[in-house]
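Chain and residue survey
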Amino acid sequence: MTLQQSRPTLLCLPPAGVGPSLFRPWTLSATGAMRVHPVSLPGREARFNDPLPASLDALADRLAEELEPQIAGRYAVFGYSMGALLGYELGRRWVRWGLRAPDTFFALGCNAPDRMVLDRKPFHTMNSQDFRQALVDLGGIHDEILNNTEAMALFEPVLRNDFRLCETYEHSLERGRLACPAHVFVADGDDFIRWDAACAWSEFVDGKVEMHRLEGRHMIDRNTFDALPARLERLWLRVGTVVVPQEA
């Protein structure tokens, strides 16, 4: 086993419509205490020609098999929005298969699994104009993409399908709860995630759930996002934690 393989692995699952390059800066900024492994989903970047999944469960089944070699040692799961729901389902599958559970689960910008759509209309059924306005409201998507007809012709079907996977997902109790603690991050300007619905992750994991607030909208800014690896290392591996000696 190489040094790289022996380090704890952070599996990173992106939000709807986004590829693994979102996490490329993380692979460079991690201190070395953990190995960042961005997960590639069908329909984007290197997997652009892969068929889009029919359901979130079908996608989780496929990824659970593909990623099994990555969880031979200690690992944690970080999921952003759709990625959190997907990461939750991956963890449940691995535990059910008798494999190692994640040390911890990190969810950013995601309501609990049984309340993916609250106080809003499903995005995947919107007409094109309303769909693009929803993307503007989410934030994080550049105008040059939204206003580029050719770019949207490629981007919109993948994004709509991702939203459909989440918005038609039905939680099943058969796989049990996720057997680990969790940290749930919610941006203070995120109009699509409710604090109480995010807190409800405590109903779906066996360990303690800690809640954290961030600044920004649903798609937080790059600087805030790229500051997360150091924070995750502290929460998970206690790297960088300052220990104050007690007086005798």
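Everything in this summary refers to the structure shown in the same document. (Residues numbered from 1 in each chain as written. Predicted model: local features only at pLDDT ≥ 70, side-chain atom pairs only at ≥ 80, totals over all residues. Heavy atoms only, no water.)

1. Points about the sheet that holds strand 5 (residues 182–187)
On the basis of which strands lie adjacent, the open sheet formed by 6 strands has the order 2-1-3-4-5-6 and parallel pairing. If you trace the sheet from one side to the other, it starts and ends with strand 2 (35–38) and strand 6 (209–214), each paired once. The average angle at which neighbouring strand axes cross in this sheet is 20 degrees, direction not considered. Looking at chain direction, strand 1 (residues 9–13) and strand 3 (residues 75–80) are connected through 5 bridges and run parallel. Each bridged residue has a counterpart across the sheet, and for L10 the counterpart in strand 3 is A76. (Pairing = 2+ DSSP bridges. Helix = DSSP H or I, 4+ residues; strand = E, 2+ residues; numbered from the N terminus. Axes fitted to C-alpha atoms, helices over the stretch in contact; angles between N-to-C directions.)

2. Let's talk about the pairing of strand 1
Most of strand 1 is tucked away: 5 of the 5 residues are buried. Of the two faces of strand 1, the one carrying T9, L11 and L13 and the one carrying L10 and C12 are both buried. (Buried < 20%, exposed > 50% of the residue type's maximum accessible area, 1.4 Å probe, protein only.)

3. What about the side chain of E156?
Relative to the assigned elements, E156 resides in helix 7 (residues 149–167). Ignoring any residue separated from it by four or fewer positions in sequence, one finds E156 in contact with S128, F131 and R132. (Contact = heavy atoms within 4.5 Å.)

4. Some thoughts on the environment of G207
Considering the arrangement of structural elements, one finds G207 in the loop between helix 8 (195–199) and strand 6. Beyond its immediate chain neighbours, meaning those up to four positions away, G207 contacts C180 and P181.

5. Some points on the packing of aromatic side chains
Within this structure, the stated rule accounts for 12 aromatic pairs. Aromatic pair F105 and W201: ring centres 5.2 Å apart, planes at 55 degrees, arrangement tilted. Taken together, the residues F105 in strand 4 (residues 105–108) and W201 in the loop between helix 8 and strand 6 connect sequence positions 96 residues apart. Residue F105 is classed as buried on the basis of its relative accessible area, which comes to 0%. Overall, W201 belongs to the buried group, its relative accessible area being 0%. Through successive ring pairs, a cluster of aromatic residues spans F23, W26, F78, Y80 and F225. In this arrangement the basic side chain of R160 is found over the ring face of F131, its NZ or CZ atom lying 4.2 Å from the centre. Cation over ring: R213 sits above W195, and NZ or CZ is 3.8 Å from the ring centre. (Phe/Tyr/Trp six-rings, centres within 6.5 Å; stacked < 30°, edge-to-face > 60°. Lys NZ or Arg CZ within 6 Å of the ring centre and 35° of its normal.)

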